Amino acid sequence: MVLALTVCGIVVALVVVGLFVFGLRRRLIQRSGGTFDASLRWDTPEQSDANGKGWAYGVARYNGDRVEWFRVFSYSPRPRRILERSAIEVAGRRVPEGEEELALLSDHVILTCLHRGTRLELAMSEDALTGFLAWLEAAPPGQRVNVA
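Residues numbered from 1 in each chain as written. Predicted model: local features only at pLDDT ≥ 70, side-chain atom pairs only at ≥ 80, totals over all residues. Heavy atoms only, no water.

Taking an unreviewed UniProt entry as the reference, the protein chain is identified by name as DUF2550 domain-containing protein belonging to Streptomyces coeruleofuscus.

Below, the structure written as structure tokens:
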């Protein structure tokens, strides 16, 4: 009986520590400011499919001339993807359809982009989209930025 209680206590403690580390990591990512919630689907097919598969929920952070994207459900302190402003080409925008509505947060808009020849989709709120497009257009003089 004592062994079972000890094991249960250890399991509960590990779960609490794991949740605390998730929260601490997100707090550290957001500490420098300029963050927004953004789901990402990397290397998507040319024809958009609304099956909802492939989306990963994350937090994006502006860092100079690049956007760093971190998975929410990860312990890694490093960004999973880095998008450079000069390499981003916006191909279009759309609203979630079909099963995508269930896979993404409500009120998110999907922005289709090309980054160094790789097609990707970012889903974010309207406010975050406005900020992202403004950030793209605010490139220093001489940089090529393609916003559709």
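Alright, that's what it looks like, and here's the rest.
### Let's talk about the pattern of salt bridges
The line we're drawing: Basic side-chain nitrogens of Lys or Arg form a salt bridge, by our definition, when they fall within 4 Å of a carboxyl oxygen of Asp or Glu. Exposure classes here rest on a 1.4 Å probe applied to the protein chains alone. A residue is buried below 20% of its type maximum, exposed above 50%, and partly exposed in between. Elements are defined by DSSP. Helices are runs of H or I of four residues or more, strands are runs of E of two residues or more, and each kind is numbered from the N terminus.
Counted under the stated rule, the structure contains nine salt bridges. For Glu68, the salt bridge goes to Arg66, with nearest N and O atoms at 2.9 Å. We classify Glu68 as buried; its relative accessible area is 3%. For Glu121, the salt bridge is made with Arg94, and the minimal N-O distance between the two is 3.1 Å. On the criterion of sequence distance, the pair formed by Glu121 in strand β7 (residues 118–125) and Arg94 in strand β5 (residues 88–94) is long-range, its members being 27 residues apart. Three or more residues are tied together by salt bridges with common partners; here these are Arg41, Arg94, Glu100 and Glu121.

### Considering the packing of aromatic side chains
Think of a pair of aromatic rings as described by two things: how far the centres are apart, and how the planes are tilted against each other in angle. Worth spelling out the cut-off: Side-chain rings of Phe, Tyr and Trp, where Trp is taken by its six-membered ring, are said to pair if the distance between their centres is within 6.5 Å; with planes under 30 degrees apart they count as stacked, over 60 as edge-to-face, and otherwise as tilted. To sit over a ring, a charge needs its Lys NZ or Arg CZ within 6 Å of the ring centre and within 35 degrees of the ring normal.
One pass over the full model with this rule turns up four aromatic pairs. The interplanar angle of 40 degrees and the centroid separation of 5.3 Å between the aromatic rings of Phe36 and Tyr62 together place this pair among those described as tilted. Of this pair, Phe36 sits in strand β1 (residues 35–42) while Tyr62 sits in strand β2 (residues 56–63), and the two are 26 residues apart along the sequence. Across from the ring centre of Trp42, 4.1 Å away, lies the NZ or CZ of Arg81, which sits over that ring.

### A closer look at helix α1 (residues 2–30)
As a reminder, the rule being used: One fewer than the residue count of a helix, multiplied by 1.5 Å, yields its expected span. Here a residue-residue contact requires only that any non-hydrogen atoms of the pair lie within 4.5 Å.
Taking 1.5 Å as the rise per residue, α1 with 29 residues should run 42 Å; its terminal C-alpha atoms sit 42 Å apart, in good agreement. What α1 keeps buried is the set Gly18, Arg25 and Ile29. In the core, the buried residues of α1 are packed alongside β1, β2 and β3 (66–71).

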